[in-house]
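So you can see what is in the structure, the chains are spelled out below.
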Amino acid sequence: MVHQPSSPARLSRTSDTEDIVALLAPRLAHFAGVARTEHVTRAAQEMNVPQSTLSRALVRLEQDLGVDLFARHGRTLSLTPAGRTFLASVERALAEIERAADEVRADADRTTGKVAFGFLHTMGAETVPGLLHAFRADHPRVRFSLVQNYGEAMLERLRAGELDLCLTSPVPDAPDLVARRLDEQKLRLVVPADHRLAGRRRIRLAEAADENFVTLEPGYGLRRITDDLCKEAGFRPRVAFEGEEAETLRGLVAAGLGVALLPPPTVPRPGVVELTVTAPRAVREIGVAWLAGRTDTPPVAAFKRFLLSRRGNLLP
C-alpha cells in the first residue's frame, strides 16, 4: 500500500532532529490515545481533552509527518500501516518517558529519595561511612549514589549535574558553586622507618627540602596543598613518584622511595613514621560544595543540613 501525504509536510527531511522532537512531542500522547480507542470522542473523554483540540492535534501531526496515520470512517478511525508502525515506536517512547518520570519522582521522595554524593578517596574508609551511619539514624530509607574521586573531577561532575553534593579539599571558590568549610585535617610528613628523620617527633618542613617526595598527581587537591606548603617553606619539592591514592603513597614511603605530606591514616601503617609539621602550618580544609542556584530535592536538602551541622566535627 502506498501512503500519500495528507498535505504538504511542515518539516522537510533535512529538518534538525531537535526541531522535529519539539514539534511532535506534545502530540504523541494524543495520537496514542486515539489509536487505542479508534474514536476521537471516546479518546477526548478519557484524556479529558476537548474533542476539537484532539482533532486538530491529529491533523497537525499528520501534516508534520506528511503521512496519513488514520483512515477515517465517519466518527471512527482505524490505523493505516504507517500509523501502526508509528504507534509501536510512540508507545515505547511514552513508556520510557513514564519510567523516567517515575524514577525522578522516586529519587526526589522525602523518605526514600536518592542523594548523589561525592567525596575524596581519603575519606572513604572511615569518615564517609560514619557520616552515612549517623544520617540514616533519622533517615533510614534515603538512598545514596556514592562517587570517590579527586577534587577537580568531582567539581566537574557537580557542574554536569551528576552529583548533588561533594566533600572536597581545598574548599572551592568559584562563582557557579556554593561551598562551606566544615573542618580541617592536619597533614604529617611521612618518612620511612629507617629514615634519618625517623627518630624525630616534630619537624619544620624546610628540613625536608633535599628529600625525594612521593605525591599525588597534578590536579589533585592534596598535590596543590603539598606544592603550596613546600613553596611557603622555601623550596620546590623534588617529585620522584606520583600516584592517585594516599595509601599507595604510604606504601611507596615504606619502601624507601621518598617522603610525603599526608593526612593521618585510618589504621597505623608499618614501615613509616609520621612527623608533626611545626612550620608552616600544615593542614587541609575540608568543605562541602554544591551547584549554585540548583533546587534541592527533600533528601538532598536533609543531607546538606546534616553535613553543615557537623561543622568542626566532621572528621573522626
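The structure displayed is predicted, hence computed values, not measured ones. All residue numbers refer to position in the chain's written sequence, counted from 1. Only residues with pLDDT of 70 or above have their local features reported here, since the model is predicted, and side-chain atom pairs are shown and tallied only from 80 upward, although totals for entire chains, interfaces and linings are computed over all residues. Working from all heavy atoms in the structure, the side-chain values ignore hydrogens and water.

### A closer look at the overall build of the chain
Okay, so step 1: Under the scheme used here, helices are H or I runs from DSSP no shorter than 4 residues and strands are E runs no shorter than 2 residues, and both carry numbers assigned from the N terminus. Of regular secondary structure, the chain possesses nine helices and 13 strands.
Okay, so step 2: Relative to a compact globule of 316 residues, whose C-alpha radius of gyration would be 20 Å, the chain shows 30 Å and is clearly more extended.
Okay, so step 3: C-alpha atoms of the chain, sized along the principal axes, occupy 100 × 45 × 35 Å.
Okay, so step 4: When the 316 residues of the chain are sorted by exposure, 43% land in the buried category.
Okay, so step 5: Within the chain, counting contacts between residues at least 6 apart in sequence, those at least 24 apart form 74% of the total.
Okay, so step 6: On the chain, roughly 17,000 Å² of surface is accessible, and the fraction owed to carbon and sulfur atoms is 49%.
Okay, so step 7: Counting rule for charge: Lys and Arg are taken as positive, Asp and Glu as negative, and neither His nor the chain ends is counted. Charged side chains are reduced to one point each, which is NZ for Lys, CZ for Arg, CG for Asp and CD for Glu. Distance between charge centres in the chain, computed from 43 positive and 40 negative side chains, equals 4 Å. Note on method: radius of gyration uses C-alpha positions; expected globular size equals 2.2 Å times residues raised to 0.38. Residue burial is assigned from relative accessible area. The probe radius is 1.4 Å, only protein chains are included, and a residue is buried under 20% of its type maximum, exposed over 50%, and partly exposed in between. Contacts are residue-level and defined by heavy atoms, with any inter-residue pair within 4.5 Å sufficient. Reported accessibility uses the Shrake-Rupley method at a 1.4 Å probe radius. Residues are deemed covered only where the shown protein chains occlude them.

### Remarks on the packing of aromatic side chains
Okay, so step 1: Any Phe, Tyr or Trp ring, taking Trp's six-membered ring, that has another such ring centre within 6.5 Å forms a pair; planes under 30 degrees apart are called stacked, those over 60 apart edge-to-face, and the others tilted. Within this structure, the stated rule accounts for eleven aromatic pairs.
Okay, so step 2: Considering the side-chain rings of Phe117 and Phe119, the 5.8 Å spacing of their centres and the 45 degrees angle between planes classify their relative orientation as tilted. Phe119 matches Phe117 in its accessibility class, with the two residues each being buried.
Okay, so step 3: A centroid spacing of 4.9 Å and a plane angle of 80 degrees characterise the contact between Phe117 and Phe303, whose relative ring orientation is edge-to-face. Remark: Phe303 occurs in helix α9 (residues 298–309) and Phe117 occurs in strand β3 (residues 114–119); sequence separation between them is 186 residues.

### Digging into the sheet that holds strand β11 (residues 260–262)
Okay, so step 1: Strand order in the open sheet formed by four strands is β8-β12-β7-β11, and the pairing between neighbours is mixed. A strand with exactly one partner marks an edge of an open sheet, and here the two such strands are β8 (202–204) and β11. Pairs of neighbouring strands in the sheet enclose a mean axial angle of 45 degrees, with direction left out of account.
Okay, so step 2: A pair of strands is treated as paired once DSSP finds two or more bridges between them. Strand direction decides the pairing type here: strand β7 (residues 188–192) and β11, joined by three bridges, are antiparallel. Counterpart to Leu189 in the pairing with β11 is Leu261. To obtain an axis, a line is fitted to C-alpha atoms, over the contacting stretch when the element is a helix, and the angle between two such axes runs from 0 to 180 degrees between their N-to-C directions.

### Overview of helix α5 (residues 127–135)
Okay, so step 1: Regarding α5, the residues found buried are Thr127, Val128, Leu131, Leu132 and Phe135. Seen from one end, α5 has its buried residues packed into an arc of 125 degrees, which puts them on one side. Arc, as used here, means the arc of the directions from the helix axis to the C-beta atoms.

### Observations regarding helix α7 (residues 221–232)
Okay, so step 1: The span one expects for a helix is its residue count, reduced by one, times 1.5 Å. Given a rise of 1.5 Å per residue, twelve residues ought to cover 16 Å, and the 17 Å separating the end C-alpha atoms of α7 matches this to within 8%.
Okay, so step 2: Of the residues making up α7, those classed as buried are Gly221, Leu222, Arg223, Ile225, Thr226, Leu229 and Cys230.
Okay, so step 3: Of the surrounding elements, those touching the buried residues of α7 are β9 (212–216), β10 (238–243), β11 and β13 (283–291).

### Observations regarding the packing of α5 against α9
Okay, so step 1: For the pair α5 and α9, the least separation of the axes is 11 Å and the interaxial angle reads 115 degrees. When the axes of α5 and α9 are compared, the crossing they make is right-handed. Of the residues in α9, those in contact with Leu131, Leu132, Ala134 and Phe135 of α5 are Pro299, Ala302, Phe303, Phe306 and Leu307.
Okay, so step 2: Grouping the constituent residues of the contact of α5 with α9 by class yields nine nonpolar, no polar and no charged. Put simply, a crossing is left-handed when the front helix is turned counterclockwise from the back one by less than a right angle, and right-handed when it is turned clockwise. In this classification, the charged set is Asp, Glu, Lys and Arg, the nonpolar set is Ala, Val, Leu, Ile, Met, Phe, Trp, Tyr, Cys and Pro, and all remaining amino acids, among them Gly, are polar.

### Thoughts on the nonpolar core
Okay, so step 1: Ranked by size, the top nonpolar core spans 35 residues in total, and within it Phe117, Met123, Leu165, Leu167, Phe303, Leu307 and Leu314 carry the most contacts.
Okay, so step 2: Where this core is concerned, the elements lending two or more residues are β3, α5, α6 (151–159), β5 (165–168), β6 (177–186), β13 and α9.
Okay, so step 3: Sorting elements by how many residues they give to this core places α9 first, with five residues.
Okay, so step 4: Setting aside residues no more than four positions away along its own chain, Leu165 makes contact with Ala116, Phe117, Gly118, Leu158, Val288, Ala289, Trp290, Val300, Phe303, Lys304 and Leu307.
Okay, so step 5: As used here, the term nonpolar core means buried Ala, Val, Leu, Ile, Met, Phe, Trp, Tyr and Cys residues forming a set that is joined through side-chain atoms within 4.5 Å. Counting residues in hydrophobic clusters, the runner-up holds 31 residues, among them Phe213, Leu216, Ala233 and Val272.

### Observations concerning the pairing of strand β4 (residues 143–148)
Okay, so step 1: Inspection of the sheet shows β3 paired to β4 by six bridges, in the parallel sense. Within the sheet, the bridge partner assigned to Val115 lies in β4 and is Phe144.

### Side note on the sheet that holds β5
Okay, so step 1: As summarised here, the arrangement of the five strands in space is β4-β3-β5-β13-β6, forming an open sheet in which the pairing is mixed. The open sheet has two edge strands with one neighbour each: β4 and β6. Between one strand axis and the next, the sheet turns through 20 degrees on average, direction left out of account.
Okay, so step 2: Along the sheet, α6 makes contact with β3, β4, β5, β6 and β13, crossing β5 at roughly 165 degrees.

### Considering the pattern of salt bridges
Okay, so step 1: Salt bridges, as used here, are contacts in which a Lys or Arg side-chain nitrogen is within 4 Å of a carboxyl oxygen on Asp or Glu. Applying the stated criterion across every chain yields a total of 23 salt bridges.
Okay, so step 2: A salt bridge links Glu162 to Arg157; its shortest N-O distance comes to 2.8 Å.
Okay, so step 3: The class of Arg157 is partly exposed, set by a relative accessible area of 29%.
Okay, so step 4: The salt bridge partner of Arg196 is Glu211, with a shortest N-O separation of 2.9 Å. In this pair, Arg196 is assigned in the loop between β7 and β8 and Glu211 in the loop between β8 and β9, connecting sequence segments 15 residues apart.

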